[in-house]
Amino acid sequence: MSLLHVKNISLSRDGTTLLRAISLEVEKGERVVILGPNGAGKSSLLKSLCGLLVPDRGDILIEGQSLKTMPSLTRGRMIAYLDQIPIIEWALPVRDVVALGHYAHSPRNGGHNHQRINDFLDLCDLTTLAERAVTSLSGGERARVLLARALAVEAPLLLVDEPVAALDPFFQIQILEILRRSTGDGQAVVMVSHDLNLAMRYFDRVVLMDRGEIIADGLPNQVLSTENLSRVFKIKPLQGQHEGERWILPWSINEPSE
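Described in the following lines is the structure provided in the data block.

Calculation criteria
Residues numbered from 1 in each chain as written. Predicted model: local features only at pLDDT ≥ 70, side-chain atom pairs only at ≥ 80, totals over all residues. Heavy atoms only, no water. Helix = DSSP H or I, 4+ residues; strand = E, 2+ residues; numbered from the N terminus. Rg over C-alpha atoms; globule rule 2.2 N^0.38 Å. Buried < 20%, exposed > 50% of the residue type's maximum accessible area, 1.4 Å probe, protein only. Contact = heavy atoms within 4.5 Å. Areas by Shrake-Rupley, 256 points an atom, 1.4 Å probe, with all protein chains shown as cover. Lys, Arg positive; Asp, Glu negative; His and termini not counted. Charge placed at Lys NZ, Arg CZ, Asp CG, Glu CD. Salt bridge = Lys/Arg side-chain N within 4 Å of Asp/Glu carboxyl O. Pairing = 2+ DSSP bridges. Core = buried A, V, L, I, M, F, W, Y, C linked by side-chain atoms within 4.5 Å. Right-handed = clockwise from strand over helix to strand, strands pointing away.

## Some details on the overall build of the protein
Counting its secondary structure elements, the protein contains 9 helices and 12 strands. Scaling as 2.2 N^0.38, a compact globule of 258 residues should have a C-alpha radius of gyration of about 18 Å, and the protein matches this with 19 Å. For the protein, with 258 residues in total, the buried portion stands at 48%. Considering only residue pairs separated by 6 or more positions, the protein has 64% of its internal contacts joining residues 24 or more positions apart. Accessible area of the protein: about 12800 Å², with a carbon and sulfur share of 50%. Charged side chains in the protein number 27 positive and 31 negative. The centres of these two groups are separated by 4 Å.

Shown next as structure tokens:
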């Protein structure tokens with residue numbers, strides 16, 4: 001049984017089709033990145049996977065149980081979600097923000113496993129910042145706090161929407177390395193991104209979307225072909241290899257006639 005099974009879902013809002021007949025499966029420990037141009041339906045798909053949007057048709061199963069009938073507490077333990085534009089308004093200590101992710105495991109008394117919270121602070125290199133107000137941190141530091149909070153859910157499925165889009169290269173690599181380590185413990189990660197290089201380097205599988213549909217789904221080397229990039233992104237890529245890994249750089253846009 002797959003951890004995540006998306007069965008032919010479609011979604012429309014205000015007369016606009018956002019998703020059209022989407023089907024896919026994700027296994028435990030798999031790293032999947034969803035790529036596509038603006039408006040392709042990537043974030044709509046991710047929000048559907050965690051129940052923030054309800055498809056008009058089809059079904060989404062987590063370990064065989066439909067999101068439609070899954071109790072909210074069970075969903076809170078099975079799925080962790082990091083939004084594209086996370087907002088932190090309260091000047092809580094970093095430790096308390098991370099601990100919020102663990103709440104679904106002890107909802108009645110609000111108690112937390114303090115050792116596990118320390119583990120996630122350490123994983124995201126936040127131990128020295130644990131008592132700092134999260135509102136006093138830099139953008140990169142806040143991003144690590146919010147990722148630690150999502151990891152603290154200890155959910156089998158982690159959904160993240162462009163977690164490194166506004167970060168410098170150091171923090172981009174750091175966060176992707178953290179996600180890579182998390183799947184080593186069996187957690188599945190599904191991430192929305194626009195970064196072709198990070199997708200190529202850090203993910204087992206690429207789901208390429210355009211206009212609410214899946215155009216290609218498979219290994220990065222296969223999906224991120226020159227033909228697919230030209231068709232979906234309207235670009236010509238520059239490609240090569242370094243230390244045995246392939247890199248890809250958007251180089252120019254297609255001519256109007258192409």
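## Some words on the pattern of salt bridges
Where charged atoms of side chains with opposite charge meet at close range, the side chains can pair. Counting across every chain of the model gives 12 salt bridges. The salt bridge partner of Arg205 is Glu30, with a shortest N-O separation of 3.2 Å. Separated by 175 residues along the polypeptide, Arg205 in strand β9 (residues 205–210) and Glu30 in the loop between β2 (16–26) and β3 (31–35) bring together distant segments of the chain. Exposure class is identical for Arg205 and Glu30. Each is buried. The salt bridge involving Arg116 is made with Asp119; its shortest N-O contact spans 2.7 Å.

## Some details on the environment of Leu224
Inspection of the secondary structure puts Leu224 in the loop between α8 (220–223) and α9 (226–233). Excluding anything up to four places from it in sequence, Leu224 contacts Leu35, Leu196, Met200, Val206, Leu229, Gln239, Arg246 and Ile248.

## A word on the sheet that holds β2
Sheet architecture is open: 4 strands sit in the order β2-β1-β4-β5, paired in antiparallel fashion. Edge strands, defined here as strands with exactly one partner in the open sheet, are β2 and β5 (65–66). The sheet contact formed by strand β4 (residues 57–62) and β5 spans 2 bridges and is antiparallel. The partner of Ile62 across the bridge, within β5, is Gln65.

## Let's talk about the nonpolar core
Counting 54 residues, the largest nonpolar core has Val98 and Leu179 as the members making the most contacts within it. The biggest single contributor to this core is helix α5 (residues 139–152), with 8 residues.

## Considering the pairing of strand β7 (residues 157–161)
Taking burial as the measure, the 5 residues of β7 include 5 buried ones, the bulk of the element. Judged by which residues are buried, β7 turns out to be covered on both faces: Leu157, Leu159 and Asp161 on one side and Leu158 and Val160 on the other are all buried. As defined by bridge partners, strand β6 (residues 79–82) adjoins β7 across 4 bridges and the pair is classed as parallel. Bridging across to β7, Ile79 finds its partner in Leu157. By the bridge criterion, 5 bridges tie β7 to strand β8 (residues 188–192) in an arrangement that is parallel. In the strand pairing of β8, Leu158 is matched with Val189. With respect to chirality, the unit in which β7 leads through helix α6 (residues 169–183) into the neighbouring parallel β8 is right-handed.

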